[in-house]
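Read off the chains here:
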Amino acid sequence: QVQLAESGGGLVQAGGSLRLSCAASGRTFSSYTMAWFRQAPGKEREFVAAIRGTFGSTYYADSVKGRFTISRDNAKKTVYLQMNSLKPEDTAVYYCAAGSTDWGRRILRASYDYWGQGTQVTVSS
């Protein structure tokens, strides 16, 4: 069993930066693929970024590529999402997810077994 807790959300002006953190419990954190998803009002939850447990490979949605960076610290059982050059369209609730998934399925919500409660990110224009 894994429990996830996000933090770091808030209100920021367009062009600004935020860093989200996701602290995990459980003994096998380093083996999990970790991901960030987001859900804007009235929209489906969408994939943002993922990082592999074993090799630390990363993958990003096109909409955030070059602006967001996902990283992990296995000793601290924490995954991060550094968000730069934020845009109003980045406004959403951001969720952390963990799964023992095939890397090829990394963008699929169904691939993740554990989810955090979410943290709100609001970008003003």
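All figures in this text were calculated on a predicted structure; none of them were measured in a lab.

Draft legend 1. A look at the packing of aromatic side chains. Evaluated as defined, the whole model comprises six aromatic pairs. Taking the centre distance of 6.3 Å and the plane angle of 75° together, the rings of Tyr112 and Trp115 count as edge-to-face. Judged by relative accessible area, Trp115 falls into the partly exposed class, the value being 28%. Across from the ring centre of Tyr95, 3.6 Å away, lies the NZ or CZ of Arg45, which sits over that ring.

Draft legend 2. Quick look at the nonpolar core. The biggest cluster of nonpolar side chains holds 37 residues, and the ones touching the most others in it are Leu4, Met34, Trp36, Leu81, Met83 and Tyr94. The residues contacting Met83, other than those within four sequence positions of it, are Gly16, Ser17, Leu18, Leu20, Arg67, Phe68, Tyr94 and Val121.

Draft legend 3. Spotlight on the pattern of salt bridges. Applying the stated criterion across every chain yields a total of five salt bridges. Arg67 serves as the salt-bridge partner of Asp90, at 2.8 Å between the closest nitrogen and oxygen. Taken as a pair, Asp90 in the loop between β8 (78–83) and β9 (92–99) and Arg67 in the loop between β6 (58–60) and β7 (68–73) lie far apart in primary sequence, 23 residues in all. Both residues of the pair, Asp90 and Arg67, belong to the buried class. Via salt bridges that share partners, Arg38, Glu46, Arg67 and Asp90 belong to a single interconnected network.

Draft legend 4. Molecular detail of the sheet that holds β8. Taking strand neighbours across the sheet as the criterion, the four strands line up as β1-β3-β8-β7 in an open arrangement whose pairing is antiparallel. Edge positions in the sheet fall to β1 (4–7) and β7, since each has one partner strand and no second. Recorded for the sheet is a direction-independent mean angle of 15° between the axes of neighbouring strands. Sheet topology places β1 next to strand β3 (residues 18–24); four bridges connect them, and they run antiparallel. Bridging across to β3, Leu4 finds its partner in Ala24.

Draft legend 5. Representation of unusual backbone geometry in the model. Its identity is not glycine, yet Lys77 carries a phi of approximately 55°, on the positive side. Within the secondary structure, Lys77 is located in the loop between β7 and β8. Note on Lys77: relative accessible area 28%, which makes it partly exposed.

Draft legend 6. Focus on the pairing of β3. Of all seven residues in β3, five are buried, a share of seventy percent or more. Examined bridge by bridge, β3 and β8 share six bridges and lie antiparallel to one another. In the strand pairing of β8, Leu18 is matched with Met83.

Rules behind the numbers
- Residues numbered from 1 in each chain as written.
- Predicted model: local features only at pLDDT ≥ 70, side-chain atom pairs only at ≥ 80, totals over all residues.
- Heavy atoms only, no water.
- Phe/Tyr/Trp six-rings, centres within 6.5 Å; stacked < 30°, edge-to-face > 60°.
- Buried < 20%, exposed > 50% of the residue type's maximum accessible area, 1.4 Å probe, protein only.
- Lys NZ or Arg CZ within 6 Å of the ring centre and 35° of its normal.
- Core = buried A, V, L, I, M, F, W, Y, C linked by side-chain atoms within 4.5 Å.
- Contact = heavy atoms within 4.5 Å.
- Salt bridge = Lys/Arg side-chain N within 4 Å of Asp/Glu carboxyl O.
- Helix = DSSP H or I, 4+ residues; strand = E, 2+ residues; numbered from the N terminus.
- Pairing = 2+ DSSP bridges.
- Axes fitted to C-alpha atoms, helices over the stretch in contact; angles between N-to-C directions.

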